[in-house]
Amino acid sequence: NAGVTQTPKFQVLKTGQSMTLQCAQDMNHEYMSWYRQDPGMGLRLIHYSVGAGITDQGEVPNGYNVSRSTTEDFPLRLLSAAPSQTSVYFCASSTSLLPPTDTQYFGPGTRLTVL
Amino acid sequence: DAKTTQPNSMESNEEEPVHLPCNHSTISGTDYIHWYRQLPSQGPEYVIHGLTSNVNNRMASLAIAEDRKSSTLILHRATLRDAAVYYCILRNYGGSQGNLIFGKGTKLSVKP
């Protein structure tokens, strides 16, 4: 299993540009989520999904859109990038949000810089 | 999720045990205590979790106080690879509350 994969690893955008961060998992996990991590901080939840066709907002959803058309993929879209969105983005997945299958597996991250 | 308090940083020597403390004085009876760690330039990874009893796995041990208001993650023999930020997280499974809520964690440095 590849686990959780994220592309790209690095990205530089100009203010106002749009882009999609890709996240895929091959573990048949129902739950997937996106976090951002700013320097010296812990991770903050952006959006999450408990299954295909179901998404919900986390702590910091503004400026980001998500959709979940398949179990495997959970892309994160930035519609109009702003410098405040410069961060490292992590995708995570787990079988469910309930024990004992709630251990979350994280991807390697995407480092995004918005100029 | 209830709040946790951890020291900002700790140091250890290689091959010595490390005790990472976590205070959670407002923990509820249904909150699980989870630990994740984040190695440099990587995503977080699961370490261990427990509810009331002490827990052991191949990575670490988790000691939970009898009143559950504090817990300690124990690395029995620290290696250089254990240098990471360790996050203590309380999880309650009502509704959407199973999401992980990260604090700033404890940055562990391991000296050779």
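This text goes with the structure placed above it.
This text gives an overview of the structure that appears in the document. (Residues numbered from 1 in each chain as written. Chains lettered and ligands numbered in written order. Predicted model: local features only at pLDDT ≥ 70, side-chain atom pairs only at ≥ 80, totals over all residues. Heavy atoms only, no water.)

**A short note on the interface of chain B and chain A**
No. 1: Each partner contributes to the interface: chain B provides 19 residues, whereas chain A provides 19 residues.
No. 2: When the buried area of chain B at its contact with chain A is split by residue, Tyr93, Asn99 and Phe102 of chain B rank highest and sum to 30% of it.
No. 3: Linking chain B with chain A are one salt bridge.
No. 4: Ionic pairing is found between Asp102 of chain A and Arg91 of chain B, a salt bridge with its closest N-O pair at 2.9 Å.
No. 5: Only strand S3 (32-38) and strand S8 (84-91) of chain B provide two or more residues apiece to the side of chain B that touches chain A.
No. 6: Sort the elements by how many residues they give to the side of chain B that touches chain A and S3 of chain B lands first, with four residues. (Contact = heavy atoms within 4.5 Å. Buried area = accessible area lost by both parts, 1.4 Å probe. Salt bridge = Lys/Arg side-chain N within 4 Å of Asp/Glu carboxyl O. Helix = DSSP H or I, 4+ residues; strand = E, 2+ residues; numbered from the N terminus.)

**With respect to the layout of surface pockets**
No. 1: Estimates place the volume of the largest pocket at around 710 Å³.
No. 2: If you trace the largest pocket, you find 32 residues lining it, with Gln37 and Arg111 of chain A together with Gln38, Pro40 and Ser41 of chain B closest to the centre.
No. 3: Contributing elements (two or more residues each) for the lining of the largest pocket: strand S9 (87-94) and strand S11 (110-114) of chain A together with S8 and strand S9 (106-111) of chain B.
No. 4: Looking at the lining of the largest pocket element by element, the count peaks at four residues for S11 of chain A.
No. 5: Residues that form the lining of the largest pocket fall into these classes: 14 nonpolar, 13 polar and five charged.
No. 6: Within this model, the second largest pocket holds a volume of roughly 230 Å³.
No. 7: Around the second largest pocket, the lining comprises 14 residues; the ones closest to its centre are Tyr105 and Phe106 of chain A together with Pro44, Glu45 and Tyr46 of chain B.
No. 8: Among the secondary structure elements, those contributing two or more residues to the lining of the second largest pocket are strand S10 (105-106) of chain A together with strand S4 (45-50) of chain B.
No. 9: When its residues are assigned to classes, the lining of the second largest pocket shows six nonpolar, six polar and two charged. (1 Å grid on protein atoms, 1.4 Å probe; cavity = no way out; pocket = protein on both sides within 12 Å on 5 of 7 lines; lining within 4 Å. Points joined across faces, edges and corners; volume = space filled by probe spheres on them. Nonpolar A, V, L, I, M, F, W, Y, C, P; charged D, E, K, R; others polar.)

**Notes on the side chain of Arg37 of chain B**
No. 1: Mapped onto the secondary structure, Arg37 of chain B falls in strand S3.
No. 2: A polar side-chain atom of Arg37 of chain B sits 2.6 Å from a polar atom in the side chain of Glu45 of chain B. (Polar contact = N/O pair within 3.5 Å; in protein donor to acceptor, adjacent residues only side chain to side chain.)

**Brief notes about the pattern of salt bridges**
Note on pairing: side chains with opposite charge can pair once their charged atoms come close.
Residue and element names in this part refer to chain B.
No. 1: Applying the stated rule across the entire model yields seven salt bridges over all chains.
No. 2: Across the pair Arg77 and Glu15 runs a salt bridge, and its minimum N-O distance is 3.3 Å. Of this pair, Arg77 sits in the loop between strand S7 (70-75) and S8 while Glu15 sits in the loop between strand S1 (9-13) and strand S2 (18-23); the two residues are 62 residues apart in sequence, bridging distant segments of the chain.
No. 3: Take Arg77: its relative accessible area is 55%, and that puts it in the exposed class.
No. 4: Put simply, Arg37 and Glu45 hold a salt bridge, and the shortest N to O gap is 2.6 Å. (Buried < 20%, exposed > 50% of the residue type's maximum accessible area, 1.4 Å probe, protein only.)

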